[in-house]
Amino acid sequence: MSLCPCRTMDAQKLNLDQCCGPLLSGKKKAPTAESLMRARYSAYAVKNIDYIDATQITVQNEVFDKAEALKWAESSEWLGLEIKKTQKGGTEDQSGVVEFVAHYKDKASSTELIHHETSLFQKQDGEWKFKEGQIHGAQPIKRLEPKVGRNDPCPCNSGKKFKKCCGA
């Protein structure tokens, strides 16, 4: 049994099965916007991208890229979740806002990063769902093409090593 990635009750050291696990498995629904936020963070940590997809409101003409989300989840080591502020989002509310900071490390570079976001949650058919989020600060940089190493062939097709050509 491992500790729950969301660390909701860090003092009690709840394991995943006692905390977000029942939400991730579908045995239980999130009672509040914050509990859904915590479960979604844990879903990234345990690479349960289907839960991420199932707990968001789909906007017309918008497609959730599950493959890209899984790639981010797998390339990151999830270090912890910090809830900064919650507005509404209780059991009787229909909407709520959660400001959070997700701490993670990029496995390739071992760089510790943060994802600071304010998210809007709404109830849809009686269940909490993520509607939209506003990222604070710069958006994470996503490399679209593989990184060229110093000793790799130069992408300009000169036949030289990158370090002796465009990387000089």
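This report concerns the structure included in the present document. Keep in mind that what you see is a predicted model, and the values were worked out from it rather than measured. (Residues numbered from 1 in each chain as written. Predicted model: local features only at pLDDT ≥ 70, side-chain atom pairs only at ≥ 80, totals over all residues. Heavy atoms only, no water.)

### Focus: the sheet that holds strand β4 (residues 127–135)
Quick reminder of the rule: At least two DSSP bridges between two strands are required for those strands to pair. Strands are runs of DSSP state E lasting at least 2 residues, helices are runs of H or I lasting at least 4, and numbering of each runs from the N terminus. Fitted lines through C-alpha atoms serve as axes, helices being fitted only where they are in contact, and the angles separating the N-to-C directions of these axes extend from 0 to 180 degrees. Contacts between residues were defined by any pair of non-hydrogen atoms, one from each residue, lying within 4.5 Å.
Spatial strand order, β1-β2-β3-β4: 4 strands in an open sheet with antiparallel pairing. This sheet does not close on itself; its edge strands, each paired only once, are β1 (76–88) and β4. Between one strand and the next, the sheet's axes are offset by a mean angle of 30°, whatever the strand orientation. With 12 bridges connecting them, strand β2 (residues 95–106) and strand β3 (residues 111–124) associate as antiparallel partners. By the bridge assignment, Val 97 is partnered in β3 with Leu 120. Contacts between helix α2 (residues 33–45) and the sheet are confined to β1, β2, β3 and β4, with β1 contributing the most and set at about 170° to the helix. Strands β1, β2 and β3 of the sheet are contacted by helix α4 (residues 66–74), whose axis makes an angle of about 110° with β1.

### Structural notes on the pattern of salt bridges
The following threshold applies: Salt bridges, as used here, are contacts in which a Lys or Arg side-chain nitrogen is within 4 Å of a carboxyl oxygen on Asp or Glu. Three labels apply to residues, based on accessible area from a 1.4 Å probe with only protein chains included: buried if under 20% of the type maximum, exposed if over 50%, partly exposed otherwise in between.
Under the counting rule described, the total for this entry stands at 5 salt bridges. The partner of Lys 66 in a salt bridge is Asp 50, with the nearest N and O atoms 2.7 Å apart. Residue Lys 66 is located in helix α4, and its partner Asp 50 is located in helix α3 (residues 49–54); the two are separated by 16 residues in the primary sequence. Here Lys 66 falls in the partly exposed class, since its relative accessible area comes to 34%. By relative accessible area, which is 52% here, Asp 50 ends up exposed. Of the charged contacts, one joins Asp 53 and Lys 66 as a salt bridge, the two residues approaching to 3.7 Å between their closest N and O atoms. Residue Asp 53 is located in helix α3, and its partner Lys 66 is located in helix α4; the two are separated by 13 residues in the primary sequence.

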